[in-house]
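Here is how the chains run, residue by residue.
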Amino acid sequence: MKKYLIGLSIFSVLLSCKVGKSDSDEISVVEFTEDSAAYDEYIDESYDDFEGDLVGLEDEVTVRGIYNPSRTLITDLIHTKLEINFNWEKSQLNGKATITAKQHFHASDSLILDAKGMEIKKVEMGGKSVSYSYNDSLKLRIKLDKKYNRDEKFIVSIEYVAKPEERQTSGSAAITSDKGLYFINPKNEKNGNMPQIWTQGETEANSVWFPTIDAPNSKSTQEMYITVQDKYATLSNGKLVSSKKNADGTRTDCWKQDLPHAPYLFMMAVGEFKVVKDTYTRPDGSKMEVNYYVEPEYEQNAKAIFGETPAMIKFFSQKLGVEYPWDKYSQIVVRDYVSGAMENTGAVIFGEYVYKNDRELLDGNDQSTIAHELFHHWFGDLVTCESWANLPLNESFANYSQYLWDEYRFGLDEADYQAEQEANGYYESGMYQGYHNLIWYAHNDKEEMFDGHSYNKGGRILHMLRNYLGDEAFFKGLNNYLVTNKFKTAEVHNLRMAFEEVSGEDLNWFFDQWFLGKGHPIIHTTQTVNKENNTVTVGIKQRQKTDDFPIYKIPTNVAIWDANGKRIEKITIDSIEQSFTFSFSGELKNVLFDADQVLLAKYYEDKPANQFIHQYYNSNRYRSKMTAMKRASKMKSDASEKMVFDAMNDTFWDIRLNAISLFENVKNKLADQGLNRIKDMASNDTKPQVREAAINYLKTLPVSEATALFKKIIEIDKSYLVISSALQALMEVNPDDAVIVARNLEKDNNKNINVVLAEVYGQKGEAEENKFFEKQINEGKLKGYDELRMVIAYAVYIMRMDIDLQEKSHAIFTLLNEKGGSSLKMYLSRIIEYNMNTYREKVNELELEIAQLEEAKAFGQADDKKRIKQRYEDLINNLSTLVSPVESGF
Ligand SMILES: [Zn+2]
């Protein structure tokens with residue numbers, strides 16, 4: 001599964017916008033600073049930050065005595081046949097499950113299935129009813145017609161109704177709901193929302209819509225007969241083996257998968273999807289279907305969104321030495337999805353955020369997520385974690401596949417850059433949620449496993465293992481793990497043993513500290529140069545609190561640059577404090593710890609600034625260059641100015657982007673040249689994110705120059721990100737012009753732009769802009785954080801308008817209260833409350849005015865004011881019905 005989270009940094013932004021205060025400036029400043037927040041965490045910017053990291057680790061100590069084992073195998077599933085149709089009116093599924101199974105070891109006349117919140121109609125064996133109990137609506141306990149031993153198969157059929165809407169749901173950070181089966185706009189009441197049905201099984205929610213043994217260490221082959229109205233397309237796992245029209249005008253599709261997989265991977269989706277066909281050619285020349293299921297509106301974009309999929313299947317198959325094991329590969333995009341994406345075998349679901357047109361794809365694609373879900377088809381679907389505590393055996397690999405794909409497709413810098421983002425995600429998750437062992441037997445709830453450890457940290461650990469073993473042994477080890485455990489389940493020791501078998505080396509030390517331990521090293525290095533004998537001694541201290549975190553064994557490389565150029569020294573750190581002495585010739589130019597920049601560690605190298613400047617020009621990894629820039633630019637010198645200036649021309653975009661913000665620190669002799677370069681970058685850099693950074697820098701230009709530049713960019717740039725940034729920048733320097741430009745941009749009707757238009761109108765819009773807000777809110781195309789931003793902008797806007805328009809806001813807020821997304825609903829009460837406070841102030845003002853008018857005997861005017869005051873009081877009353885009594889908090 002791929003998480004789709006609103007990051008913690010966004011919450012801090014929301015907190016800082018203080019919705020509910022009646023200060024219009026505060027509420028309107030809602031800037032999307034996800035990247036910049038992460039950016040500060042990037043590297044050890046200063047020793048203060050480094051000390052801060054120590055505190056983070058020291059404070060998070062928890063002791064638990066819980067152990068979550070894998071599910072005990074009593075009965076083994078063999079085959080699951082489902083025959084299903086739908087009651088769209090009631091959001092229910094009518095099903096018949098025919099389950100072939102056998103007892104795992106002990107003979108028994110009992111079969112216990114997970115079946116959540118169903119109505120059970122009938123349970124039969126060989127056409128005869130058998131008795132069952134289902135008192136808790138969770139476990140269906142069936143008494144078989146006799147005692148079966150482990151060599152005997154038996155078949156049980158169950159007729160049932162699944163009622164997902166009647167289930168109390170919970171969920172997790174990765175999956176916001178566990179209803180299992182979802183009916184979206186089933187009665188076709190919402191305009192523009194295509195009615196659809198889809199499922200989400202992980203972790204144990206598929207047993208809401210079919211009875212099964214809903215555990216990751218249970219596997220079954222599958223056959224699914226889905227009956228729908230003929231206009232609907234269906235999708236499930238395996239192959240579509242038949243499609244028959246029925247006498248009543250419906251159609252029954254049969255999907256069959258002969259290879260076993262875990263119940264949480266079963267899926268089905270129904271809707272008027274268009275199927276865009278693509279093909280993967282296997283090494284033997286045979287063709288495999290690769291299909292993209294999208295809504296008609298996105299039919300022409302499907303290949304631009306998903307078109308790299310066949311190349312990915314080929315790349316991963318080759319890399320792993322295990323050919324893609326399943327029948328087909330389909331990807332479907334659904335509405336109101338409860339996660340980011342899900343690796344249902346051969347039938348992957350994505351949330352609607354992947355819908356992007358060609359211009360939107362300029363600002364970023366979703367290939368990482370596509371790769372992630374695809375890689376699960378080996379790690380997760382073929383070899384499955386035997387328990388949720390072992391979830392990193394699924395998610396760490398899927399996470400690491402993003403690195404592999406980036407490295408192959410976009411180059412090492414891009415891969416390393418993304419890896420840094422992932423590492424920061426882990427550090428952030430540790431900081432806010434604490435540290436735990438990666439293989440986390442002591443979790444409180446299985447949903448907690450879907451965190452920055454299982455994904456981000458696991459991916460970084462695999463990268464270190466690859467670096468340690470070398471590519472050949474690493475990928476051979478993965479191959480061995482897959483071949484040994486295919487169609488079975490695994491725990492972390494299976495992975496270790498697969499690598500040990502290939503490499504010949506005992507790897508307990510690595511697995512103990514990284515997979516079975518918690519935390520990460522915090523390393524402080526120093527340098528002592530002895531000029532008499534030309535040696536440098538590198539002192540290394542591990543600073544993590546060793547009561548709770550391991551003393552790490554860290555085999556790593558040190559790069560040394562001297563008069564002879566660069567050389568690599570291999571060292572192994574295995575104590576809390578150690579030193580290593582190296583010789584050098586001529587001038588010592590730089591000593592770089594962790595030469596390949598792969599360690600998941602916070603480290604601070606105490607060394608002269610000139611070594612960092614050398615490092616920028618001579619080290620070849622993203623992280624070492626970034627560290628060099630940030631550390632060297634702390635010092636104002638000609639050399640650091642030149643370095644940052646040169647970095648604005650770096651081949652890698654994120655180095656250029658950071659050079660722009662660092663330039664302010666160091667600019668001196670090259671100030672004019674630097675400014676000219678940034679102006680050039682704002683219009684011409686190949687990467688939209690760099691153009692955006694340049695635009696933000698250039699807000700300090702004189703107003704007329706900035707206005708002209710930003711208008712020009714808005715006119716010619718194709719990137720929505722850049723246009724939005726330029727409009728936001730224009731709003732800051734020249735609000736009057738920004739409104740005029742904004743009105744022009746409405747015709748694009750692009751969701752990325754519309755958010756910014758809303759914010760411009762929030763502060764500067766006039767009465768005519770009410771139509772814009774009404775349209776946006778009625779169409780409901782903005783989702784999640786975008787929807788929240790837009791509604792905040794509307795709240796700011798409407799309180800500047802007159803009572804006629806303000807009265808209309810009641811209908812708008814009522815609609816949002818009913819149909820707004822979950823992010824919005826967290827804040828909607830406070831937003832409305834904020835408007836009500838403004839109206840209360842208005843009432844007070846009017847009272848004063850009325851009193852003054854009455855004193856002046858201007859009774860006619862006073863009566864007019866009274867009528868308006870009454871209208872405000874009515875509006876406050878009406879709005880108050882929408883405010884929930886409990887303040888939503890964090
Ligand atoms: Zn995943």
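This one's a predicted model, so the numbers in the text were calculated from it and none came from an experiment.

**Side note on the overall build of the chain**
- The number of helices and strands found in the chain is 29 helices and 29 strands.
- Its C-alpha atoms give the chain a radius of gyration of 31 Å, within 12% of the compact-globule value 29 Å for 890 residues.
- Put simply, the chain has 890 residues, and 57% of those count as buried.
- Pairs at least 24 apart in sequence give 69% of the contacts found in the chain among residues at least 6 apart.
- Of the roughly 36200 Å² that the chain leaves accessible, carbon and sulfur atoms contribute 47%.
- The positive charge centre, built from 106 side chains, and the negative charge centre, built from 136, are 4 Å apart in the chain.

**Looking at the sheet that holds strand S18 (residues 329-334)**
- Ordered by their spatial adjacency, five strands build an open sheet running S16-S17-S18-S20-S19, and the pairing between neighbours is mixed. Looking at which strands have only one partner, the edges of the open sheet turn out to be strand S16 (274-281) and strand S19 (341-342).
- Note: strand S17 (residues 287-294) against S18, four bridges, orientation parallel. Paired with tyrosine 293 across the strands is isoleucine 332, a residue of S18.
- Set on the sheet, helix H6 (residues 309-320) makes contact with S16, S17 and S18; between it and S16 the angle comes to about 35°.

**Considering empty space enclosed by the protein**
- Tallied over the entire structure, the rule returns five cavities of 30 Å³ or more.
- By volume, the second largest cavity amounts to about 100 Å³.
- Around the second largest cavity sit Asp416, Ala419, Glu420, Ala423, Arg460, His463, Gln597, Val598, Leu599, Leu600 and Arg623, which together line it.
- Elements represented by at least two residues in the lining of the second largest cavity include exactly helix H10 (412-433) and helix H11 (453-469).
- Of all the elements, H10 adds the most residues to the lining of the second largest cavity, at four residues.
- Here the lining of the second largest cavity is built from residues that sort into five nonpolar, two polar and four charged.

**Some points on the side chain of asparagine 217**
- Here asparagine 217 lies in the loop between strand S10 (196-199) and strand S11 (220-229).
- At 2.7 Å, the side chain of asparagine 217 forms a polar contact with the backbone oxygen of arginine 71.

**Focus on the packing of H11 against helix H12 (residues 471-485)**
- Close contact between H11 and H12 brings their axes to 6 Å; oriented N to C, the two are set at 125°. Relative to H12, the element H11 is oriented oblique. Residue-level contacts link Leu462, Leu465, Arg466 and Leu469 of H11 to Asp471, Ala473, Phe474 and Phe475 of H12.
- Of the residues in the contact of H11 with H12, the class split is six nonpolar, no polar and two charged.

**With respect to the nonpolar core**
- Formed by 163 residues in total, the largest nonpolar core has its most connected members in Tyr160, Trp209, Trp378 and Phe515.
- Counting residues in hydrophobic clusters, the runner-up holds 98 residues, among them Ile655, Ala693, Leu701 and Leu745.

**Quick notes on the packing of helix H17 (residues 638-647) against helix H19 (residues 671-684)**
- Running from N to C, H17 and H19 cross one another at 15°; their axes reach a closest spacing of 10 Å. By the angle between their directions, the pair H17 and H19 is classed as roughly parallel. For H17 against H19, the interelement crossing comes out left-handed. Mapping the contact onto sequence places Glu641, Phe645 and Asp646 in H17 and Ala671, Gln673, Gly674 and Arg677 in H19.
- Its residues placed into classes, the contact of H17 with H19 shows two nonpolar, two polar and three charged.

**Brief notes about unusual backbone geometry**
- For the bond running from glutamate 202 to threonine 203, omega is 5°, close enough to zero to count as cis.
- Mapped onto the secondary structure, threonine 203 falls in the loop between S10 and S11.
- The phi dihedral of serine 137 falls on the positive side, at around 55°, and the residue is not glycine.
- Structurally, serine 137 is set in the loop between strand S6 (132-133) and strand S7 (139-148).
- Phi at asparagine 185 takes a positive value of approximately 45°, unusual for a residue other than glycine.
- Note on placement: asparagine 185 falls in the loop between strand S9 (181-184) and S10.
- Assessed through its relative accessible area of 7%, asparagine 185 is described here as buried.

**Some words on the side chain of aspartate 214**
- Tracing the sequence through the fold places aspartate 214 in the loop between S10 and S11.
- Assessed through its relative accessible area of 0%, aspartate 214 is described here as buried.
- When neighbours within four sequence positions are excluded, aspartate 214 is seen to be in contact with Arg71, Asp114, Lys116, Thr203, Glu204, Ala205, Asn206, Ser207, Pro263 and Tyr264.

**Notes on H19**
- Across its 14 residues, H19 extends 20 Å between first and last C-alpha, which sits within 8% of the 20 Å expected from 1.5 Å per residue.
- Turning to H19, its buried residues number three or more, namely Gly674, Ile678, Met681 and Ala682. Looking straight down H19, one finds its buried side chains confined to an arc of 100°; they lie on one side. For H19, exposure combined with an orientation more than 90 degrees from the buried face picks out Asp672 and Asn684.
- Considering only its buried residues, H19 is in contact with H17, helix H18 (653-666), helix H20 (688-697) and helix H21 (703-716).

**Description of the packing of aromatic side chains**
- By the definition in use, this model includes 54 aromatic pairs.
- Aromatic side chains tyrosine 292 and phenylalanine 306 sit 5.3 Å apart centroid to centroid with 20° between the ring planes, which places their arrangement in the stacked category. Taken together, the residues tyrosine 292 in strand S17 and phenylalanine 306 in helix H5 (residues 302-306) connect sequence positions 14 residues apart.
- Counting every residue linked through ring pairs, the aromatic cluster contains Phe315, Phe316, Tyr324, Tyr329, Phe375, Trp378, Phe379, Phe397, Trp405, Tyr408 and Tyr481.
- In this structure, lysine 146 is placed above the aromatic ring of tyrosine 148, and the distance from its NZ or CZ to the ring centre is 4.3 Å.

Procedures and definitions
- Residues numbered from 1 in each chain as written.
- Predicted model: local features only at pLDDT ≥ 70, side-chain atom pairs only at ≥ 80, totals over all residues.
- Heavy atoms only, no water.
- Helix = DSSP H or I, 4+ residues; strand = E, 2+ residues; numbered from the N terminus.
- Rg over C-alpha atoms; globule rule 2.2 N^0.38 Å.
- Buried < 20%, exposed > 50% of the residue type's maximum accessible area, 1.4 Å probe, protein only.
- Contact = heavy atoms within 4.5 Å.
- Areas by Shrake-Rupley, 256 points an atom, 1.4 Å probe, with all protein chains shown as cover.
- Lys, Arg positive; Asp, Glu negative; His and termini not counted.
- Charge placed at Lys NZ, Arg CZ, Asp CG, Glu CD.
- Pairing = 2+ DSSP bridges.
- Axes fitted to C-alpha atoms, helices over the stretch in contact; angles between N-to-C directions.
- 1 Å grid on protein atoms, 1.4 Å probe; cavity = no way out; pocket = protein on both sides within 12 Å on 5 of 7 lines; lining within 4 Å.
- Points joined across faces, edges and corners; volume = space filled by probe spheres on them.
- Nonpolar A, V, L, I, M, F, W, Y, C, P; charged D, E, K, R; others polar.
- Polar contact = N/O pair within 3.5 Å; in protein donor to acceptor, adjacent residues only side chain to side chain.
- Parallel < 35°, antiparallel > 145°, perpendicular 65-115°, else oblique.
- Core = buried A, V, L, I, M, F, W, Y, C linked by side-chain atoms within 4.5 Å.
- Left-handed = near helix turned anticlockwise from the far one by under 90°.
- Expected span 1.5 Å × (residues − 1).
- Arc of directions from axis to C-beta.
- Phe/Tyr/Trp six-rings, centres within 6.5 Å; stacked < 30°, edge-to-face > 60°.
- Lys NZ or Arg CZ within 6 Å of the ring centre and 35° of its normal.

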